[in-house]
Amino acid sequence: MLDFFTIFSKGGIVLWCFQGAGVSESFTGPVNALIRSVILQERSGNNSYTHEALSLKYKLDNEFELIFVVGFQKILTLTYVDKFIDDVQLHFRDRYKNELEQKGALKLLSNNFEFEDDFKMLLREAEESSRARSPVPMRSFKDSEKSQKTVKSMIETKGGDKGKEVSGKKNKNPKKEAPAAEPAKVDQVKNSSSGQKTVENGNQGMTSDEIIQKKREEFFRKRMVVPTEKPTKSPKPQKPKEPKQRRVWDMGGSSAKELDYSGRNENGSPNGGEQNPETQFDAGMQLNSMKGDLLSVDYESSEDEVIEEEEERVVISETSKTSSKKGGGFGGMFGMLKGLVGSKSLTREDMEAVLEKMRDHLITKNVAAEIASQLCDSVAKKLEGKVMGTFTTVASTVKQALQDSLVQILQPKRRVDILRDVMEAQSQRRPFVITFCGVNGVGKSTNLAKISFWLIENGFTVLIAACDTFRAGAVEQLRTHQRRLNSLHPPEHHGGRPVVQLYEKGYGKDAAGIAMEAIAYARNQAFDVVLVDTAGRMQDNAPLMTALAKLIAVNMPDLVLFVGEALVGNEAVDQLVKFNQALADHSMSDKPRLIDGIVLTKFDTIDDKVGAAISMTYITGQPIVFVGTGQTYNDLRSLNARAVVSALMKA
């Protein structure tokens, strides 16, 4: 039934393994895939993993740094596997506890773990228990209550019900009549109580109408008196409102005449000479050089974090003082250490409250709710059973583990060096092709222009393929960026050749065909990079998603970048899952091209709510290649994982 079972350390040393009868394939491939895709990427919230035709279940032992993995065919439904893997873990720990407590890889290698007999015994018991828990058979018709009923009994039941209803009504009447004698007593009690109240209030000898009239007069008297007593303080004199100051712009000039550029063109016409005003404007723009690698997004360590740490220390010291006052002597010492984990293994109950707060904190920072839950579950499995230091709080331990997990998620799993990749494509005498995709309005064209400027600054020539043949103004927007970029890097400085060119065929054409022609043109004209701009599309639009999958499948770009906003929360999960699913479904190859990286835009608008970065990288497993931080060509950064995590964990 089982294909394999293996026990290995987190350092990679296989302590013991079992392979089922008739299984010839090695289990190293599935186990290595599990390590790469789940354990190293901090996705251990779910204890199952599917690799090709196999289904893998695993269990982490954090005390001895062990991993237990069982594999079986995914078409099988084995209900006993979860309990079986727990039993194997406990049995293996108990039997080889002394050997496992010896630290060091060499000592583990020197030990011989003879566990096959125990394993087969546990497997036999698990299989027998699963057979014993066979499904309960359905009751036959004779055993059911319906078989006892007949037509006669049903008729009698109806008559009986009627009789019961009549008798019930008869029985109910006396019950209703009996309490009818009680209201007299109640009225007497009410009258006596009201009489007492009238005596207390000085209303003795007054009728009920006179009492009501008196109370009404008192009510109106209070309402009339209250407003006169309110104004005890003299009102403050209101300050006169200052007139709004005119905003003075740096490049605005002091008069309207300076802003009139209509008569400054060569031919004197207001609309003529489009190139000259743009060159004058761009010449005035002060853009920093972007040669080499991009600067990383950085967050300065704010004073709030220092204050928070001091407050935590104050809270701990105050709790220790109060506990020492209450208990005194040894009781105070133990009270002080109550919030600490003194060399004991952590349990899920210890971490539950802290994890719940961490989960809520991540959601407030724009992390998708589902992913926040999975991250907290992964941290709980990572820490469960782990023996902590003597003077370590549960909150600090969980927070540090969550920080490490987030950094691990954001750090790229593979090398991302576009400049080196472009140079390798140059050596092969072909253009390096990057395709941009995403939903509407996220800034694909704007960030494509920023990336063009960065590539030009590093000495590469760029061809922009206008494959957004749907949105009005898309081609004109790219043509404007092309003119501005060429004005910043004039052709005279590059041997008379424009460093940026636009390849466009207008609107309403096939985007995949335009991209193919643009790549062929770039190869003939020796362009270094082709940037393919595609139309924005919602993830639920099946025809447009099919067209995008066709464009990528036909042209096979070197890099497929998903452009997403840093403002999205739960929507990021839906967008990326459906984009990847559409690319996989509509691809014509067995190994479809999926999203290779992410461009995170509008990062300057979110302050410290950087959770979208976590959501996107967790869903795709792909790195964030570029981060857009503003409106100018200079506002392009690379992601600094530790800086983003520190901003994410900041309260």
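Residues numbered from 1 in each chain as written. Predicted model: local features only at pLDDT ≥ 70, side-chain atom pairs only at ≥ 80, totals over all residues. Heavy atoms only, no water.

The chain has the name SRP receptor subunit alpha in an unreviewed UniProt entry, where Labrus bergylta is given as its organism. In its Subcellular location (unreviewed entry) section, the UniProt entry covering the chain states "Endoplasmic reticulum membrane". (UniProt positions renumbered as here; feature names shortened; annotations may be inferred.)

Turning to the packing of aromatic side chains, a few remarks are in order. For the coordinates displayed, the defined rule picks out 19 aromatic pairs. Here Trp16 and Phe119 contribute two aromatic rings whose centre-to-centre distance is 5.0 Å and whose plane-to-plane angle is 55°, an arrangement assigned as tilted. Note that Trp16 is positioned in strand β2 (residues 14-19) and Phe119 in helix α5 (residues 116-132), a separation of 103 residues in sequence. The pair Trp16 / Phe119 is uniform in exposure class, with both members buried. (Phe/Tyr/Trp six-rings, centres within 6.5 Å; stacked < 30°, edge-to-face > 60°. Helix = DSSP H or I, 4+ residues; strand = E, 2+ residues; numbered from the N terminus. Buried < 20%, exposed > 50% of the residue type's maximum accessible area, 1.4 Å probe, protein only.)

As a packed pair, helix α12 (residues 348-364) and helix α13 (residues 369-383) sit with axes 9 Å apart at the nearest point and diverge in direction by 150°. In terms of orientation, α12 and α13 fall into the roughly antiparallel class. The crossing of α12 and α13 is right-handed. Taking contact as the criterion, the partners of Arg348, Met351, Leu355, Met358, Arg359, Leu362 and Ile363 in α12 are, on α13, Ala369, Ala372, Ser373, Leu375, Cys376, Asp377, Val379, Ala380 and Leu383. Classifying every residue of the contact of α12 with α13 by side-chain character gives 12 nonpolar, one polar and three charged. (Axes fitted to C-alpha atoms, helices over the stretch in contact; angles between N-to-C directions. Parallel < 35°, antiparallel > 145°, perpendicular 65-115°, else oblique. Left-handed = near helix turned anticlockwise from the far one by under 90°. Contact = heavy atoms within 4.5 Å. Nonpolar A, V, L, I, M, F, W, Y, C, P; charged D, E, K, R; others polar.)

Here we come to the sheet that holds strand β1 (residues 4-9). Spatially, β2-β1-β5-β4-β3 is the arrangement adopted by the five strands of the open sheet, whose pairing is antiparallel. Since the sheet does not close on itself, it has two edges, and those belong to β2 and β3 (48-51), each with one partner. The average angle at which neighbouring strand axes cross in this sheet is 20°, direction not considered. When strand β4 (residues 54-61) meets strand β5 (residues 66-73), the two strands line up antiparallel, connected through eight bridges. Looking at β5, one finds that Leu54 is bridged to Gln73. Strands β1, β3, β4 and β5 of the sheet are contacted by helix α1 (residues 28-39), whose axis makes an angle of about 125° with β3. (Pairing = 2+ DSSP bridges.)

Evaluated as defined, the whole model comprises 21 salt bridges. Residue Asp82 is joined to Lys57 by a salt bridge in which the shortest nitrogen-to-oxygen separation is 3.5 Å. With Asp82 in helix α2 (residues 81-95) and Lys57 in strand β4, this residue pair connects regions lying 25 residues apart in the sequence. Overall, the relative accessible area of 18% leaves Lys57 in the buried class. One salt bridge connects Asp468 with Arg471, and the closest N-O pair in it is separated by 3.5 Å. On the basis of relative accessibility, which here comes to 4%, the residue Asp468 falls in the buried class. (Salt bridge = Lys/Arg side-chain N within 4 Å of Asp/Glu carboxyl O.)

Turning next to the pairing of β1. In terms of burial, β1 is a largely internal element, six of the six residues being buried. Residues of β1 alternate between two faces, with Phe4, Thr6 and Phe8 on one and Phe5, Ile7 and Ser9 on the opposite face, all of them buried. When β1 meets β2, the two strands line up antiparallel, connected through five bridges. Across the sheet, Phe8 pairs through a bridge with Val14, a residue of β2.

Attention shifts here to the nonpolar core. When a protein is soluble and globular, its nonpolar side chains tend to lie buried together. Grouped together as the largest cluster of nonpolar side chains are 112 residues, with contacts concentrated most on Trp454 and Phe626. Looking at which element gives the most residues to this core, the answer is helix α14 (residues 394-410), with eight residues. Excluding residues within four positions of it along the chain, Phe626 makes contact with Leu294, Ile418, Ile451, Trp454, Leu561, Ile598, Val599, Leu600, Leu636 and Arg637. Judged by nonpolar contacts, the second largest core, of 28 residues, contains Phe64, Phe68, Val88 and Tyr96. (Core = buried A, V, L, I, M, F, W, Y, C linked by side-chain atoms within 4.5 Å.)

In this numbering, the UniProt entry assigns the feature "domain: SRP54-type proteins GTP-binding" (unreviewed entry) to residues 623-636. A helix fraction of 0% and a strand fraction of 43% characterise residues 623-636, whose end C-alpha atoms lie 16 Å from each other.

Right, let's talk about the sheet that holds strand β7 (residues 462-467) for a bit. Strand order in the open sheet made by the eight strands is β8-β7-β9-β6-β10-β11-β12-β13, with mixed pairing throughout. Edge positions in the sheet fall to β8 (500-503) and β13 (636-637), since each of these pairs with one other strand and no more. Both strand β10 (residues 559-565) and strand β11 (residues 597-601) contribute to a ladder of five bridges, which runs parallel. Of the residues in β11, the one forming a bridge with Phe562 is Ile598. The strands that helix α15 (residues 418-427) touches are β6 (432-438), β9 (529-534), β10 and β12 (624-628); relative to β6, the one it contacts most, it runs at about 135°.

On to unusual backbone geometry. Negative phi values dominate among residues other than glycine, just as trans dominates among peptide bonds. A positive phi angle, close to 85°, is found at Asn366, a residue other than glycine. As for its position among the elements, Asn366 is in the loop between α12 and α13. Even without being glycine, Met556 reaches a positive phi, approximately 45°. Its location among the elements puts Met556 in the loop between α19 (542-555) and β10.

In terms of residue burial, helix α22 (residues 641-649) counts as a mostly covered element, since seven of its nine residues are buried. Buried within α22 are the following residues: Ala641, Ala643, Val644, Val645, Ala647, Leu648 and Met649. Packing partners of the buried residues in α22 comprise α12, α14 and α21 (611-620).

Let us look at the packing of α14 against α21. In a packed pair of helices, the relevant descriptors are the angle between the two axes and the axis-to-axis distance. Where α14 contacts α21, the two axes come as close as 9 Å, and the packing angle between them is 65°. Between α14 and α21 the crossing geometry is left-handed. From α14, Leu406, Ile409 and Leu410 reach across to α21, where they touch Ala613, Ile614, Thr617 and Tyr618. Looking at the contact of α14 with α21, its residues break down into six nonpolar, one polar and no charged.

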